[in-house]
Amino acid sequence: MTEFMQSNIEREMAVYGYDSLVKSHCRMCHGGCGVLIYLKDKKIAKIAGDPDCPINHGSLCSKGLASAQMAYHPDRLTFPVKRIGAKGSGRWARISWDEALDTIAERILDYKSRFGAESIVMGYGTGRENEAAIYRFANLLGSPNVLTAGHFCYGPRIATSIITCGTNPIVDYEHHPKCIMVWGNNVVISNPDCYKGEPFSNSVKKGAKLIAVDPRLTRIAARSEIWLPLRPGTDAALALGMLHVIITEKLYDHEFVENHVFGWDAFKERVRQYPLDKVEEITWVPSEKIAAAARLFATTKPAAIQWGVAIEQQITCADNDRLLMALMGLTGNIDVPGGQVLFQPPKVRNVGQFGAHRMLTDVQRDKRLGGDRFRMADNFAIINPKCVWDAILEEKPYPVKMLFFISSNPVITRANAREVYRALEKVEFMAVADFFITPTAELADIVLPAATWLEMDYIGDYWKRHGYILPRRKAIQVGECRSDHEMLNDLGRRVGQEAHWWENFEQALDWILEPMNITWQEFKKMDYLRGDVVSQKYKARGFSTPTRKFELYATVLETWGYDPLPRFREPPESPYSTPELCEEFPYILITGRRQPGFFHTENRQVPWLRELHRDPVVEIHPDAAGKEGIEEGQWVYIESPRGRIRQRAKYFSGMDPRIVSAEHGWWFPEKNIPGRGWDESNINILTDNRYETCDPAMGATSVRTLLCRIYPVSESEVSHG
Amino acid sequence: MDKKTLIIDHFECWGCKACEVACKQENNAPDGIKLIEIVEDGPRMAGEQPFFEYHVRVCRHCEDPPCVAECPVAAITRRSDHMVILDTAECTGCEACIDACPYDAISFDEANGVARKCNMCSSRVNQGLIPACADNICLARCIQFTSTFDST
Ligand code: SF4
Ligand code: SF4
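This one's a predicted model, so the numbers in the text were calculated from it and none came from an experiment.

For chain A, the helix and strand inventory stands at 30 helices and 27 strands. By the compact-globule yardstick of 27 Å for 721 residues, chain A fits well, its C-alpha radius of gyration being 25 Å. Expressed as lengths along the three principal axes of its C-alpha atoms, the size of chain A is roughly 70 × 65 × 60 Å. Counting over 721 residues, chain A shows a buried share of 68%. Considering only contacts within chain A whose residues lie at least 6 apart along the sequence, 74% involve residues at least 24 apart. With 88 positive and 92 negative side-chain charges, chain A shows a separation of 2 Å between the mean positions of the two kinds.

Laid out in structure tokens, this is it:
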């Protein structure tokens, strides 16, 4: 893109004496940005954005820029280790890759023969683009249990969009929406899932009108025409209220509704139950504002909803996603340029095929943990984490004997962290693959050194729905680190799966690309591949759903025994659902506000990134702070019925004084003590994971909205901390 | 001589701090020293409107720089191409410039006992390259580098 000025690459190389340049594809978050890696003496000397990449047009975020500091970090695990002391003792011995993989393979085969393959749970967190390989391994093994973030992050969007309209509708920033409703998302900081802040920012510059749905005044909210600061956890009610306006004022796309929607009358009837006065009461947002937002969104074409994970980490998870899709659909913004497009991937073998889901027998699939309770999750091979902890701690419905976490730090990221910790302490055998010895890895028997994105060949964005794939090219080797894909390829061959893996992982990439008639070596020379972009595909072939229509009324949910129509559920802990508790814990706690530089639990040890944000910070309104005797910058306790943690208070007047907003993902790699402070500021010490508090279909844990009290940490305690 | 300028559009800044890290990568300033820093303005009410903005705190390379005037050892100079350069080798660490700067753009580097500020990546600019923070890093391209002929 010549539109943006960037230093000349040859000049850059000449001036600094760099030897070579590798173009690659970053994955410090969910991945996505094209990167220039400048090397000198085989070491990375500089990272910059690739101006030719259609995803980021040369821009790059703080994490991408600091990638090499992570890769070369002195604390990085660079060879396999086995634990020689008690769990959590931090005593390790170096072992060879062969010993590590043979030990893991031996355990796997032993547990499989004695307790069934289902006693082995594979896991990943947000996924380092290793998802398909992990599912492949588990499915071939015969274990239906892959524990991911999928129950409450992105998985719900995939599951609900498949049952509503066939695939995930992605905002088409290339064709600049004229109105963008940003719903519980800070895309310019978080670059979530299929999105990057850069194209969003470009569309805003082109004049897109903004509507922000957010309890907090973000910069996006401050730039919006309309800001709807809703009561946390009431998204579904707000969406239903907007739909009420759109339907009663007949602002919907009549042609779309008449010809392409299923369940219109029943849906209308459901929406009728949410008149604006009721919605105002639930959401704390004035009805005039809701109506104005609904009108602006429905009458500006094309319009899009920038959505993300916040609405999914609630008891109303699946229905939140479905309601936002209803808003996209009814306003005629599905699969139109500048709206929300059902992009088609390039015609390679897809992640579902690579994941080998067909190889799992029905008998084994029926054993998926929690499958009878969370039916939608089950149908998308997703499990609720508590089901795993229960299977370890109570051995119900059967014992889980082994965990293998690849890029996951569940003692920090999963709800009810103390229970997670107990389960990991108890489990008979645990292997972990990661960059560092995290608080989770501390409890492992074997830890494998994982390669960062700089150290691997792979097909970037293979799993995404924006229609691109981009080559990730290996630039460096660090120690004995290996990519998760290579490691699983090797391990698979050691547990009897050799017929389904390859001699080396490059052959797997060839296999994925084969339908396009190209090899990895050929793809490596390309900038990217993109699927065909065709608008309004549904006009010719309908939507890929059971009724071939856009299902406002989800027929499969009905088959699975759920309400086929979306509705609002009060958060399990709130001033209305638990008024007595609210007397003791009077503030609504929201969690997970994103910070530049961090990706969930990652990067706290990377100097350039930690410098951006040193401490965990809880935002509190100055009025509330005054009432609680809290000073700006002071360490405070945040306490829920489950426990207490501390973060540093920051005054923030851009939200209702009844709300406090805390960060997630915190541990302290710099603390040279067992556990590395895993329970000091970890938000999941406070969260709940009881099944009743989870989304009934998807099993999403409600980690975003709970009740808390907040008070200063005393002077003496600070000095001991 | 071409006049070198950093043009900053604070309004467009989203607060992502990529520019801070781009600066670190180029200049490797010691921990805690930020030659460029994003600061928050707000939240507050601006009339009826809730207000919240980010501002980019960085040396403005002033036309008539008070830091140059205040420095007793002439460690800060304004070049003919309008770049204001602080030479840490000449700096005695008296901190006069820090007090003089109206933009709070100079920091004190305790470890080395010198003042530090953005020199507009002079080593890059001298070689025809763009300063790190302005080098197409920013998602909103808030920071732009221009080199225009100065007819004065
Ligand atoms: S947004 Fe994600 S992919 Fe892009 S540079 Fe940042 S970490 Fe890398
Ligand atoms: S990179 Fe741009 S948007 Fe991000 S903080 Fe810097 S000036 Fe602001």
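From this point on, the discussion continues.
In this section: the pattern of salt bridges. Pairing between side chains becomes possible if they bear opposite charge and their charged atoms approach one another. Throughout the structure, instances matching the rule amount to 68 salt bridges over all chains. Across the salt bridge formed by Lys367(A) and Glu118(A), the nearest N and O atoms sit 3.4 Å from each other. One end of the pair, Lys367(A), is in the loop between helix 17 (362-365) and helix 18 (375-379); the other, Glu118(A), is in the loop between helix 4 (97-115) and strand 6 (120-123), with 249 residues separating them in the sequence. By relative accessible area, which is 29% here, Lys367(A) ends up partly exposed. Here Asp81(B) ties to Arg79(B) by a salt bridge, and the two come within 2.8 Å at their closest N and O atoms. A residue is classified by how much of its surface remains accessible, and Asp81(B), at 2% relative accessible area, is buried.

In low-pLDDT segments, the atomic positions of the prediction should not be examined closely. Taken as a whole, chain B shows an average pLDDT of 95; of its residues, 98% reach a score of 70 or greater. Across the whole predicted complex the pTM is 0.97, and at the interface the ipTM reaches 0.97.

Turning next to empty space enclosed by the protein. Residues and elements named next belong to chain A. Applying the stated criterion across every chain, the model contains 17 cavities of 30 Å³ or more. By volume, the largest cavity amounts to about 650 Å³. In terms of lining, the largest cavity is formed by 40 residues, of which the most central are Ala-310, Gly-592, Arg-593, Arg-594 and Arg-704. When residues of the lining of the largest cavity are traced back to their parent elements, those giving at least two are helix 7 (187-190), strand 22 (587-591) and strand 26 (659-662). Of the residues that constitute the lining of the largest cavity, the class distribution is 15 nonpolar, 15 polar and 10 charged. Each of two domains, domain 3 (165-343 + 537-560) and domain 4 (579-720), supplies a minimum of three residues to the lining of the largest cavity. Size it by volume and the second largest cavity reaches roughly 460 Å³.

Turning next to the site of ligand 2. Residues in close proximity to ligand 2 total 13 residues, the closest being Cys13(B), Cys16(B), Lys17(B), Cys19(B) and Cys138(B). Its residues placed into classes, the shell around ligand 2 shows 11 nonpolar, 1 polar and 1 charged.

This part covers helix 15 (residues 318-330) of chain A. Residue and element names in this part refer to chain A. For helix 15, with 13 residues, the first-to-last C-alpha span of 18 Å sits near the 18 Å given by 1.5 Å per residue. Counting buried positions along helix 15 yields 13 of 13 residues, so the element is predominantly enclosed. Once helix 15 ends, the next one or two residues include Gly-332, with phi positive near 75°.

Take the sheet that holds strand 2 (residues 34-40) of chain A next. Residue and element names in this part refer to chain A. With antiparallel pairing, 3 strands are arranged side by side in an open sheet as 1-2-3. Each having just a single partner strand, strand 1 (20-25) and strand 3 (43-49) make up the two edges of the open sheet. Direction aside, the axes of adjacent strands within the sheet are offset by 30° on average. Note that strand 2 and strand 3 share 6 bridges and pair antiparallel.

What counts and what doesn't
- Residues numbered from 1 in each chain as written.
- Chains lettered and ligands numbered in written order.
- Predicted model: local features only at pLDDT ≥ 70, side-chain atom pairs only at ≥ 80, totals over all residues.
- Heavy atoms only, no water.
- Helix = DSSP H or I, 4+ residues; strand = E, 2+ residues; numbered from the N terminus.
- Rg over C-alpha atoms; globule rule 2.2 N^0.38 Å.
- Buried < 20%, exposed > 50% of the residue type's maximum accessible area, 1.4 Å probe, protein only.
- Contact = heavy atoms within 4.5 Å.
- Lys, Arg positive; Asp, Glu negative; His and termini not counted.
- Charge placed at Lys NZ, Arg CZ, Asp CG, Glu CD.
- Salt bridge = Lys/Arg side-chain N within 4 Å of Asp/Glu carboxyl O.
- pLDDT = per-residue confidence, 0-100.
- 1 Å grid on protein atoms, 1.4 Å probe; cavity = no way out; pocket = protein on both sides within 12 Å on 5 of 7 lines; lining within 4 Å.
- Points joined across faces, edges and corners; volume = space filled by probe spheres on them.
- Nonpolar A, V, L, I, M, F, W, Y, C, P; charged D, E, K, R; others polar.
- Domains from an automatic or database assignment.
- Near = heavy atom within 4 Å.
- Expected span 1.5 Å × (residues − 1).
- Pairing = 2+ DSSP bridges.
- Axes fitted to C-alpha atoms, helices over the stretch in contact; angles between N-to-C directions.

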